[in-house]
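# Observations on the model geometry
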Amino acid sequence: MKKSTRTRLYALLAIAALMASVALAHGDKKHVVGTLEKINADSVLVKTAAGKSVEVKLMPTTIYVLHAGNEDRPAKLGELAVGDRVVIHATPKGETLEANEVKFSARTAAASAVKPKS
């Protein structure tokens, strides 16, 4: 094999290995991305971009992270509000999803000011 062909082959193999490691990084975790519709003490309801409502159970071990500006900081369940944008990493348990981590950002003032058409 020529040196350039071998180099390309190694580069391709390295890229394939990287892609596989990224795909397996979360194992069996599911991502739920959308806007909070409802918040209960033990679950949240998320409206996805596809318009589907997904319920995710909140566990005592669930970690909450508030994204504000360019920073993430630890947060608490009480800081979540309907309308917040969320990215939830969850573990499927039978027919339910159990939240491992809830990352959220508060609704912006501009988004709050938009009024639906009558």
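These remarks concern the structure in this document.

Counting its secondary structure elements, the chain contains 2 helices and 7 strands. Listing the helices and strands of the chain from first to last along the sequence gives α-β-β-β-β-β-β-β-α. Per-residue burial for the chain yields a buried fraction of 23% across its 118 residues. Put simply, 49% of the contacts in the chain that link residues at least 6 apart link residues at least 24 apart. A total accessible area of about 8,500 Å² is found for the chain, and carbon and sulfur atoms account for 61% of it.

Turning our eyes to something else, we now look at the pattern of salt bridges. For the coordinates displayed, the defined rule picks out 4 salt bridges. Between glutamate 55 and lysine 57 there is a salt bridge whose closest N-O contact spans 3.7 Å. The class of glutamate 55 is partly exposed, set by a relative accessible area of 42%. Residue lysine 57 is classed as partly exposed on the basis of its relative accessible area of 27%. With its nearest N and O atoms 3.8 Å apart, the salt bridge here joins lysine 103 to aspartate 72. Taken together, the residues span a long stretch of sequence, with lysine 103 in strand S7 (residues 96-105) and aspartate 72 in strand S5 (residues 71-75) at a distance of 31 residues. On the basis of relative accessibility, which here comes to 32%, the residue lysine 103 falls in the partly exposed class.

Turning to the nonpolar core, a few remarks are in order. Grouped together as the largest cluster of nonpolar side chains are 18 residues, with contacts concentrated most on Val44, Val56, Ile88, Val102 and Phe104. Of all the secondary structure elements, the ones that give two or more residues to this core are strand S1 (30-39), strand S2 (43-48), strand S3 (53-57), strand S4 (63-68), strand S6 (85-93) and S7. Broken down by element, this core gets its largest block of residues, 4 residues, from S7. Discounting residues that sit within four places of it in the chain, phenylalanine 104 has contacts with Tyr64, Val65, Leu66, His67, Ala75, Glu79, Leu80, Asp84, Arg85 and Val86.

Examined bridge by bridge, S1 and S2 share 5 bridges and lie antiparallel to one another. From the neighbouring strand, lysine 38 faces S2, where its bridge partner is leucine 45. Remark: 3 residues form the turn of the hairpin made by S1 and S2, two consecutive strands paired antiparallel. Where S2 lies against S3, 5 bridges are found, and the strand directions are antiparallel.

Turning our attention to the pairing of S3. Residues Val54 and Val56 point to one face of S3 and are all buried, whereas Ser53, Glu55 and Lys57, pointing to the other face, are not buried. Where S2 hands over to S3, the hairpin turn is made up of 4 residues, of which glycine 51 adopts a positive phi near 85°.

A few words on the environment of lysine 52. Mapped onto the secondary structure, lysine 52 falls in the loop between S2 and S3. For the pair lysine 52 and glycine 34, spaced 18 residues apart in sequence, the C-alpha to C-alpha distance is 9.4 Å. Once residues lying within four places of it in the same chain are set aside, the contact partners of lysine 52 are Val46 and Lys47.

About the cut-offs
Residues numbered from 1 in each chain as written. Predicted model: local features only at pLDDT ≥ 70, side-chain atom pairs only at ≥ 80, totals over all residues. Heavy atoms only, no water. Helix = DSSP H or I, 4+ residues; strand = E, 2+ residues; numbered from the N terminus. Buried < 20%, exposed > 50% of the residue type's maximum accessible area, 1.4 Å probe, protein only. Contact = heavy atoms within 4.5 Å. Areas by Shrake-Rupley, 256 points an atom, 1.4 Å probe, with all protein chains shown as cover. Salt bridge = Lys/Arg side-chain N within 4 Å of Asp/Glu carboxyl O. Core = buried A, V, L, I, M, F, W, Y, C linked by side-chain atoms within 4.5 Å. Pairing = 2+ DSSP bridges.

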